[in-house]
Amino acid sequence: MIRRLAAVVLLAACLSGCTDDGPKRTPLPAGPTGGAEVSHQPLASPTLPPVVNSDGCQGLIGATQVQQSTGLPVQPSQGDGAAAVAQYGQAVQTLGLNARARMCPFGSPAGDQVTVVALTFTDPAQAQKLWTTIASLEAVGGVGEAALSDKSKTLLTRRGKAIVAVYLVVAAAPEADHLSQLRSVANTALSKA
C-alpha cells in the first residue's frame, strides 16, 4: 500500500514537473501583425493511409460458389488478403514445410462469415506431416482423403498435397450442425487447391 502511494506521488510530481515550465515560458505573439487575418478553422487532421485491398484468394473459390454451397448471401470481404496469406506461408515454414497459401474471406451484412484457406504443399508427404499435427476435431467422411470437423464451424480436409480449411459462422444459428455446408464449400475449394 505504501509502495503504491509512493509511486502515485512520484508520478504526480513528475507529471507536474513536465508540464509546468513556470517563469521560463516564452510568450506567444499577441496577434496578427500587418493586418493579416487569423483563420478560426481547425487544422486539418492527418489523413489515414489508403485501405489495401489485395487478393489472397487467387481464384480458389468465388462468392457465387460459396453462396451456392452455403445458402448465405456472402460477398468477398475487403482487406489485405496477400498479407494474410504470407502469414500462413510463414507459419508452415516454421515447421520446416513449404506451401502455397490462399485465403478467401467472405461475409454478409447479417454477420455470416465464411473463410476458406488452402495450403498446397510441394508434395503429399508435407501435407501429411502437417495433417498429423491437427487434433481435437472429429473425423468425418464425404470430402477429400481425410476430413476433420466440429460439424458446426470448422472443417479441415486433405487430398494429395493440399489441405483446405473452412471456417463458417452462420449468424442466425452459429452452433447448429452445418456439416453439409462445410463439406460443400470444402469440396469446391479442393477442386482448385
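Residues numbered from 1 in each chain as written. Predicted model: local features only at pLDDT ≥ 70, side-chain atom pairs only at ≥ 80, totals over all residues. Heavy atoms only, no water.

Engineer: I would appreciate a short explanation of the state of the cysteines in the present structure.
Structural biologist: What makes a disulfide is a covalent bond joining the sulfur atoms belonging to two cysteines. Following the criterion strictly, the structure yields one disulfide and no others. Put simply, C57 and C104 are joined by a disulfide, and their sulfur atoms are 2.0 Å apart. Here C57 and C104 share a disulfide; its torsion about the S-S bond, 85°, makes the bridge right-handed. In this pair, C57 sits in the loop between α1 (2-19) and α2 (63-70) while C104 sits in strand β2 (residues 99-107), placing the two residues 47 residues apart along the sequence. Neither residue differs from the other here; C57 and C104 are each classed as buried. (Disulfide = S-S within 2.5 Å. Helix = DSSP H or I, 4+ residues; strand = E, 2+ residues; numbered from the N terminus. Buried < 20%, exposed > 50% of the residue type's maximum accessible area, 1.4 Å probe, protein only.)

Engineer: Explain the sheet that holds strand β7 (residues 162-169) to me, please; I cannot follow it from the model alone.
Structural biologist: The strands making up a sheet are joined through hydrogen bonds of the backbone, oriented either antiparallel or parallel. Spatial ordering of the open sheet is given by β1-β2-β3-β7-β6-β5-β4, a layout of seven strands whose pairing is antiparallel. Two strands close off the open sheet at either side, each with one partner strand: β1 (75-76) and β4 (138-140). With six bridges connecting them, strand β6 (residues 154-159) and β7 associate as antiparallel partners. Considered in β7, the bridge of R158 is made with I163. Where helix α3 (residues 81-93) meets the sheet, it contacts β2 and β3 (113-121), and its direction lies at approximately 140° from that of β2. Across the sheet, helix α4 (residues 124-131) lies against β3, β5 (146-149), β6 and β7, angled at about 150° from β6, the strand it touches most. (Pairing = 2+ DSSP bridges. Contact = heavy atoms within 4.5 Å. Axes fitted to C-alpha atoms, helices over the stretch in contact; angles between N-to-C directions.)

Engineer: Before we go on, may I ask you to explain the nonpolar core in this structure?
Structural biologist: Soluble globular proteins: nonpolar side chains tend toward being buried together. Ranked by internal contacts, the top residues of the largest apolar core, which has 26 residues, are I61, F106, V114 and V116. For this core, the elements supplying multiple residues, two or more each, are α2, β2, β3, β7 and α5 (179-190). Once you skip the residues sitting within four places of it in the chain, F106 turns out to touch I61, G62, A63, V66, V74, Q75, P76, S77, D112, Q113 and V114. Grouped together as the second largest cluster of nonpolar side chains are 18 residues, A84, L97, A127 and W131 included. (Core = buried A, V, L, I, M, F, W, Y, C linked by side-chain atoms within 4.5 Å.)

Engineer: Help me understand the pattern of salt bridges in this model?
Structural biologist: Where charged atoms from two side chains of opposite charge approach closely, those side chains can pair. This structure, assessed with the given rule, holds three salt bridges. Here E175 ties to K153 by a salt bridge, and the two come within 2.5 Å at their closest N and O atoms. Of the two residues, E175 is situated in the loop between β7 and α5 and K153 in the loop between β5 and β6; the sequence distance between them amounts to 22 residues. (Salt bridge = Lys/Arg side-chain N within 4 Å of Asp/Glu carboxyl O.)

Engineer: So what exactly am I meant to see when it comes to the confidence of the model for the protein chain here?
Structural biologist: Segments scoring low in pLDDT should not have their predicted coordinates read at a detailed level. The share of residues in the protein chain with pLDDT of 70 or more is 72%, and the mean pLDDT across the chain is 80. Segment residues 1-28: pLDDT under 50, and one contact once partners within four positions in sequence are set aside and those in other chains are kept. (pLDDT = per-residue confidence, 0-100.)

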